[in-house]
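Chain and residue survey
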Amino acid sequence: MLRTSLILLFVSSFFSLTSFSQQRVGVDVSSRLDNLLFTVHYQKVLKNRFLYSAGVQFGGHGSSFISNDTMRLYTGRSIESPYSNANQPIVDPTGSYSLLDYKTTARSVGIQVGLGYFHEFDVRHGLRFNLNSSISFVSSRIGGYYRSINNFTEQYRVHTNNHFAGSVSLEAYHTMRLTGRMTFNYGVKIPYFFTVDRAKFDPTVQKDLVYGFEPLLSIGMTRVIGKCE
């Protein structure tokens, strides 16, 4: 339901803006080599080579595996994931099992807005810089490995969690004009993710997904709509 509402919001905003000149619509695909994150965006060019943009992004954030030292458990130091339900010990007739290692995969859908600046070296080549902010609804799947310090055996449990995450992203692209309206671009995105609700998502390890810096390689296309100026 949230995903549908976000897409409808973007589509309605897009059509309300298409009466202006110097506009572009675009799509890009970003990756850290183990994920694909898609962005569909609208750009409005302002004076002095500045632009603003709005769009939706959706896709995967890949996976991460957090491996901990077993001695932490043996010395009574707890190990915690970003999710409270995964941090609860497993207690059954065979003993008590505490979280040791965990693997996380995550997908998200969100909206972004931002400002940009572009410079064209000639009729074909140029540079574009963007500063975007976003808020996303994230669905994470965490597989936890739990160890008993009494019988030295392990159990495995899977937990699913949903939460919101925010980000601020600095981006740089090389642009190559293919036709009068079509432009190809490639570059890097350097988003910094932060938690919005620590009650649901409280990361402490830099390798946790959707937390801290997660640089991406990106390729995409934009197309001019309306007048070409």
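It should be noted that the structure appears before, not after, this text.
This structure is a prediction, so every number in the text was calculated from the model and none was measured.

1. Focus: the overall build of the chain
When its secondary structure is counted, the chain shows three helices and 10 strands. Ordered by position from N to C terminus, the α and β elements of the chain give α-β-β-β-α-α-β-β-β-β-β-β-β. Within the chain, buried positions represent 42% of all 229 residues. Pairs at least 24 apart in sequence give 66% of the contacts found in the chain among residues at least 6 apart.

2. Some details on the packing of aromatic side chains
As enumerated under the stated definition, the model contains nine aromatic pairs in all. An angle of 85° between the planes, with centres 5.9 Å apart, marks the rings of Y74 and F152 as edge-to-face. With Y74 in helix 2 (residues 70-74) and F152 in the loop between strand 6 (125-147) and strand 7 (154-177), this pair connects stretches of sequence that are 78 residues apart. Relative to F164, the ring of F137 lies with its centre 5.5 Å away and its plane at 65°, an arrangement referred to as edge-to-face. A residue pair is termed long-range when its members are at least 10 positions apart, and F137 in strand 6 and F164 in strand 7 qualify at 27 residues.

3. Points about the pairing of strand 2 (residues 37-45)
Of all nine residues in strand 2, seven are buried; the element is thus mostly enclosed. One ladder, built from eight bridges, connects strand 1 (residues 23-31) with strand 2; its direction is antiparallel. Directly across from Q23, in strand 2, lies its bridge partner K44. Linkage of strand 1 to strand 2, two consecutive antiparallel strands, is achieved through a turn of five residues, within which L33 is found at a positive phi near 80°. Sheet analysis places strand 2 next to strand 3 (residues 50-66), joined by nine bridges and oriented antiparallel. Looking across to strand 3, one finds that H41 is bridged to G55. The hairpin formed by strand 2 and strand 3 contains four residues between the paired strands, and N48 there has a positive phi angle of roughly 60°.

4. Description of the nonpolar core
Counting 11 residues, the largest nonpolar core is built from I66, Y83, A86, I90, Y97, L99, Y102, I142, Y146, F201 and Y211. Considering every element that reaches this core, the biggest residue donor is strand 5 (residues 95-120), with three residues. Of all hydrophobic cores here, the second largest spans six residues; its members include A106, A165, F193 and L209.

5. Quick word on unusual backbone geometry
For L33, which is not glycine, the phi dihedral falls at a positive 80°. Relative to the assigned elements, L33 resides in the loop between strand 1 and strand 2. One non-glycine residue, F152, adopts positive backbone phi at about 60°.

6. Remarks on the pairing of strand 8 (residues 182-195)
The pairing of strand 7 with strand 8 spans 13 bridges and is classified as antiparallel. In the sheet register, V168 faces strand 8, and the bridge partner there is Y192. Taking the residues that link successive antiparallel strands as the turn, the strand 7-strand 8 hairpin has four residues. Two elements, strand 8 and strand 10 (residues 216-225), share eight bridges in a ladder whose sense is antiparallel. Opposite T183, over in strand 10, you have T222 as the bridge partner. Bridge count for strand 8 against strand 9 (residues 212-213) is two bridges, and the pairing is antiparallel. Bridged to Y192 within strand 9 is F213.

7. Concerning the environment of N132
By the element assignment, N132 lies in strand 6. Under the relative-accessibility criterion, N132 is labelled buried at 5%. Distance in space between the C-alpha atoms of N132 and S53 is 8.4 Å, their sequence separation being 79 residues. Contacts of N132, omitting those with residues within four sequence positions, involve S53, Q112, V113, G114, L115, S167, V168, S169 and E171. Only 3.1 Å separates the side chain of N132 from the side chain of E171, close enough to count as a polar contact.

8. Details of the side chain of S140
Summarising the element assignment, S140 is placed in strand 6. Taking relative accessible area as the criterion, S140 reaches 2% and is therefore assigned buried. Within the local environment of S140, its side chain forms a polar contact with the side chain of Y83, the two groups lying 2.8 Å apart. Residues in contact with S140, not counting those within four places in the same chain, are Y83, T104, T105, A106, H159, T160, N161 and H163.

About the thresholds
Residues numbered from 1 in each chain as written. Predicted model: local features only at pLDDT ≥ 70, side-chain atom pairs only at ≥ 80, totals over all residues. Heavy atoms only, no water. Helix = DSSP H or I, 4+ residues; strand = E, 2+ residues; numbered from the N terminus. Buried < 20%, exposed > 50% of the residue type's maximum accessible area, 1.4 Å probe, protein only. Contact = heavy atoms within 4.5 Å. Phe/Tyr/Trp six-rings, centres within 6.5 Å; stacked < 30°, edge-to-face > 60°. Pairing = 2+ DSSP bridges. Core = buried A, V, L, I, M, F, W, Y, C linked by side-chain atoms within 4.5 Å. Polar contact = N/O pair within 3.5 Å; in protein donor to acceptor, adjacent residues only side chain to side chain.

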